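Survey of secondary and tertiary structure
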Amino acid sequence: MILSEKYMIGNTTRFLMFVMLCVLSVMTACKDTWKERGMVSGEAMTLSVMDKINANANLSTFSGYLIKTGYAEIINTSKNYTVWAPTNSALQNLDASIVTDTAKLKVFVANHIANLTYATTVPADTTQRILMLNGKYVPFTKNTFDEANISLANQYAKNGILHVIDGAAPVKQSIWEYVSSATIGLDQKTYLMSLNKTAQDTSLATITGYDPVTGKPILKPGTGLVTTNRFLSAVKNVSNEQNQYTFFLLADASFGAEKAKLTKYYNSTSIFPDSTTTNLTSWNVVKDLAVSGSYSPNQLPAQLLSVNNVNIPINKSAIIASYKASNGWVYVMSSMNFSVAEKIPTITVEGEVVSSFSSSGISGSVFYPIRSDNKGIPYKTLEVYRSGVSALNVNYRLRNIPSATYKVYWRAIAGTTGDPQTVTFNQKLVFNSSNIATDLGYKPVSVASTDATANAIAYSDLYIGDCIVTKYGNVTMSLVSAASTAVNVNTLLLDYVKLVPVIQ
Amino acid sequence: MKKILFIKMSVLIAIMAITLGGCKKVFEVLPEDKLDINNAYKNVADADAAVIGIYGKFQNLAKQYVLLNEVRADLLDVTNNADPYLKQLNTHSVTGDNPYADPRPFYEVILNCNDVLKNFNIMNEKHLMSVDDYQKRYSDILTLRCFLYLQLGIQYGSVPYVTDALSSVDDLKNESLFPKLNLDALLDKLIADMKQMPYISSYSYPTGSSLSITTDGSNTQRMFINKYYMLGELQLWKGNYLEAAKNYKNVMETEATNTNTNSMFNTFHVNYNDGTYGNGVSYTDGGTNYGGLHSESALSYSITYGFKSMFCLSNTAANWNHEWIWAMPYNPGFNPTNPFIELFANTGAGKYMLKPAQTAIDAWASNPQGNGIPYDARGKLSYTTVNGQPVVMKYIYNYDPLVPLTRNGMWYLWRGAGLHLHYAEAANRDGKGKLAWALLNTGIANTFADATLASSTNTAAYLASMITPYEEPYRFNAQYIASNTAYRGPYHKNAGVRGRSGVVAINTSYQTDMTGLESKLIDEGSLELAFEGNRWADLVRVARRRNDPSFLAERVYQKLLKDGNSEASTVRAKLMNIENWYLPFKWK
């Protein structure tokens, strides 16, 4: 019995079944290349960055380090990494102390690995600073990584990119790390390190309980300690890896010479460490020794402006050593001849910025008018009119005044439009520093004039006398009215006082 | 077959006949929530409703009025937020589709006025309201229509003058029926219209009238147009200076017979700040004992006294009423909504489309005060810097960005300072330069009193010198001596527009320099009346009178130049042709 008979299948049906079977087999055999047009295939899909490194015999040393430090596992994970792998020949001269010390080796290896993928697709003149796994930023361009050349770029893997470089990228110190471990310029280094302060950060410390009375947390001693440094907070934070700076380290002789130029302006008998003459002087030398921006030796201009608006004179022949730090440049200088006049600038005290009055109840007599000077420039003044108080003192608290002899000038003009004080009158300035009073004596105040020449004289700075500040610190300046209660006699008027230090 | 059709038709017709016949006046049922025109004017209350309705509709023109009069002129500038149509106004390159240049909204109110006037006449003939009520209402609406036509004339040059009650603005599109009149011919028509008015006085409705009431926190008296002021404006535009001065003087005399001396002395007299009342710049420190010495920071930002208070007080306050001749308050509870918040504010609901022009800011900065402060403090009270942007404050002092939907404020139209400046303009042209100078600068008494007689025993002669030596309308009595309060002339507190705000007087040589003083009067408008919707008209009027387009073109050019607008030179060249001052008259 044949099959067709058993199942009663006709010839036509049999033929159709045969055709359908043929079609089915053809269709399944077909690979749908159209559907796969967007898929990435090849070894980039299957190999990790670590596999890629292992596949390259020329990277076996680095591969060994990766395994030794444990980074091999990390770059095998599913996050994305970029690895700049030095060749075997690049690593053969690596300092043995790094190779043998696992901790150092770990930092070294991490200096070649970054999170995220970075390809060399940027324009040739663009430098990126890439954050490495060890927290340092390393410059990366189309052709270079730090100072090494990229010999094989953009090896894509399933979890990142591999670049092969022909030299190792040694871990660089930051400016602050370099200064902390400097072997030259020790005086400056010692002073800077003396500015370190250790304090407990309440957000980092371990809390052992809460004070039942105040409700404040009780901190475990010795935990959450952080070190701060006044130089870093007040001048420039050159320990910050993220930004770039240029720092000048003065050799001991130079540091001493600059201090010697300034020391007389910081005469102090204070027992507080920060306020001794030598520390104040040191501070005023170092406060102008760091700027923002990385200036390589070629880019270094003849002078830079410090954060305190003092020009930093740079004599390139005085550079003893330079160091390219991870966040900028450090220059060790054999001399740096700062201008004392810029370090000890003229002090201007605006009349309207009053600290206190010697008499209460005169607020109705105190005015802060705005006037237009002989050149049409508006200025604000203090005017005390009709106070009825004899020898009224208006006090100005001047802070951190260097010890020096000052030439004192004022600008005060009566008889301007709208000023009821149309005639001249006397007032005086008294300075009080370290319990020493300097009375410059009553002087007449200028009166505005309709004559242009006379008016220009009235509006010029008027020399009042000299004031000697013997010790660095706070000075109280008092503007004192005439010893009279009469209107138009006991008036006080002040645009500003200028204290011009005599630089010797 | 035909028979069947016939039967079918007959049945249908029968049904229709039955259903329609059964309905009573299917097509004549009157709507229950709308007033039919036949019932609209039955008595004086209906007439009052018509007047209020007209003014309500008129208030919708506020935005367009301020934009056309300020953005086209030299004190207000557009910001980057401004829409393209506003920028067109700014650079005098208005296209036909610009909604701000559309005359239709003006004509809609005009046609409403015409309709109301027609119906008032009918009511009068049918004795549906008293003659007195009719005269006041008719004159009020007629004056408002004159105001609208004058605005159209200023903005469009020549416009169709329609007094018929048309039912739709579209009827006006037929230019053959309504030929256009140029500004000069239009002024003749308007002056003739107003001269035939049955009733003229400052107040449209005196106290006690059913239209002069206090409601929702506002008084209605100053919401209606001032007829003397309007006639003064028309005469000033026409160049009839004596007639203009007469009418303006009538406005100053509005409260001349009031037994309340505060109202009598202060209303529209531009007086110095007396400690209780005053609308000039003031300082909170110093005083006469201190020779007028002031701290810069003591500038008064009071919202009840002084320059700023003019734009803060409600219209029921005495101080407000001493200054404002015509202003329409917005109430957040009703339409129309205050449009100025959006235009000017840069916080809350503000869109900050307009800002003070640098020319205006510079003008304030270069006008010193008599107390030695080297700038005009009216600037600080007219605009202020909010979040780093200069913001026009005059319209938005009562606006709190934290309550963005409560948009209080007013549409400010006419006030005392503007009245004095316009009067001075007329007086100056009529040969009374010294009087014009006095009203601009230091006031009547300071200018005319003979100081050499001050210390003499001849009090009578001294007092006599305090009355201006002219006939009306140039006669002002500013008599005052401290020792005898019986001698107090109605204008003894007059301080002059500049004097009131403490700004240094201009040189007395201008008293005999007619064109020089006229320019100074216009300059003063920028300091005192900036952003209040007067500027374009002031510039056009004087430039037109002098036949000197550069008077206008140069000022607009300076604004655009200081704003860094690249079209500044093009605009100046354009405005040197008078025809280009006017907007295209295109119906939308």
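Residues numbered from 1 in each chain as written. Chains lettered and ligands numbered in written order. Predicted model: local features only at pLDDT ≥ 70, side-chain atom pairs only at ≥ 80, totals over all residues. Heavy atoms only, no water.

Scanning chain B from N- to C-terminus turns up 23 helices and ten strands. Expressed along its principal axes, the backbone C-alpha trace of chain B runs to roughly 120 × 60 × 50 Å. Put simply, chain B has 588 residues, and 56% of those count as buried. For chain B, contacts bridging at least 24 residues in sequence account for 71% of all contacts bridging at least 6. The average position of the 55 basic charges and that of the 55 acidic charges among the side chains of chain B differ by 4 Å. (Helix = DSSP H or I, 4+ residues; strand = E, 2+ residues; numbered from the N terminus. Buried < 20%, exposed > 50% of the residue type's maximum accessible area, 1.4 Å probe, protein only. Contact = heavy atoms within 4.5 Å. Lys, Arg positive; Asp, Glu negative; His and termini not counted. Charge placed at Lys NZ, Arg CZ, Asp CG, Glu CD.)

This part covers the nonpolar core. One finds B:F58, B:Y107, B:F120 and B:W411 to be the most contacted residues of the largest nonpolar core, which totals 168 residues. It is helix α6 (residues 131-156) of chain B that contributes the most residues to this core, 13 residues altogether. Residues within four places of B:F58 in sequence aside, it is in contact with B:V109, B:L144, B:F147, B:L148, B:W326, B:M328 and B:W411. Grouped together as the second largest cluster of nonpolar side chains are 78 residues, A:Y178, A:L192, A:F247 and A:M336 included. (Core = buried A, V, L, I, M, F, W, Y, C linked by side-chain atoms within 4.5 Å.)

Let us now look at the sheet that holds strand β12 (residues 245-250) of chain A. Residue and element names in this part refer to chain A. Ordered by their spatial adjacency, four strands build an open sheet running β13-β12-β17-β16, and the pairing between neighbours is mixed. Edge positions in the open sheet fall to β13 (290-292) and β16 (319-325), since each of these has one partner strand only. Neighbour to neighbour, the strand axes of the sheet diverge by 15° on average, direction disregarded. Summarising the sheet, β12 and strand β17 (residues 328-333) pair through six bridges and their orientation is parallel. Opposite T246, over in β17, you have W329 as the bridge partner. (Pairing = 2+ DSSP bridges. Axes fitted to C-alpha atoms, helices over the stretch in contact; angles between N-to-C directions.)

Further remarks concern the environment of B:N240. Mapped onto the elements, B:N240 comes out in the loop between α8 (227-238) and α9 (241-252). Setting aside its immediate chain neighbours within four residues, B:N240 contacts B:I191 and B:Q235.

All names here are of chain B. Running from N to C, helix α15 (residues 416-429) and helix α20 (residues 514-528) point in directions that differ by 170°, and their axes come no closer than 10 Å. Here α15 is positioned roughly antiparallel relative to α20, judged by the angle of their axes. Counting all contacts with α15, which are made through A417, L421, A424, E425, N428 and R429, the residues of α20 involved are M514, T515, L517, E518, L521, I522, E524, G525 and E528. Among the residues forming the contact of α15 with α20, the class breakdown is seven nonpolar, three polar and five charged. (Parallel < 35°, antiparallel > 145°, perpendicular 65-115°, else oblique. Nonpolar A, V, L, I, M, F, W, Y, C, P; charged D, E, K, R; others polar.)

Residues and elements named next belong to chain A. With respect to topology, four strands assemble into an open sheet ordered β18-β34-β25-β31, the strand pairing being antiparallel. Among the strands making up the open sheet, the edge pair consists of β18 (347-350) and β31 (462-469). Direction aside, neighbouring strands of the sheet carry axes that sit 25° apart on average. As judged from the four bridges shared by β18 and strand β34 (residues 496-501), these two strands associate in the antiparallel manner. Bridge pairing in β34 places E350 opposite Y496.

If you walk through the whole model with that rule in mind, you get 46 aromatic pairs over all chains. A ring pair is formed by B:Y149 and B:Y161, whose centres lie 4.8 Å apart and whose planes are at 50°; its orientation type is tilted. Residue B:Y149 is located in helix α6, and its partner B:Y161 is located in the loop between β2 (158-160) and β3 (180-182); the two are separated by twelve residues in the primary sequence. Residue classification places B:Y149 among the buried positions, given a relative accessible area of 0%. Their ring planes at 75° and their centres at 4.7 Å tell us that B:Y205 and B:F224 sit as a pair that is edge-to-face. With a gap of 19 residues between them, B:Y205 in the loop between α7 (183-195) and β4 (214-215) and B:F224 in the loop between β5 (218-219) and α8 connect regions that are remote in the sequence. B:F224 shares its class with B:Y205; the two are buried. Grouped by ring-pair contacts, the aromatic residues B:Y55, B:F58, B:Y65, B:F147, B:Y205, B:F224, B:Y229, B:Y248, B:W326, B:W411 and B:W414 constitute a single cluster. Directly above the ring of A:F338 sits A:K343, whose terminal nitrogen or CZ lies 4.3 Å from the centroid. (Phe/Tyr/Trp six-rings, centres within 6.5 Å; stacked < 30°, edge-to-face > 60°. Lys NZ or Arg CZ within 6 Å of the ring centre and 35° of its normal.)

The analysis is restricted to geometry; functional conclusions fall outside its scope.
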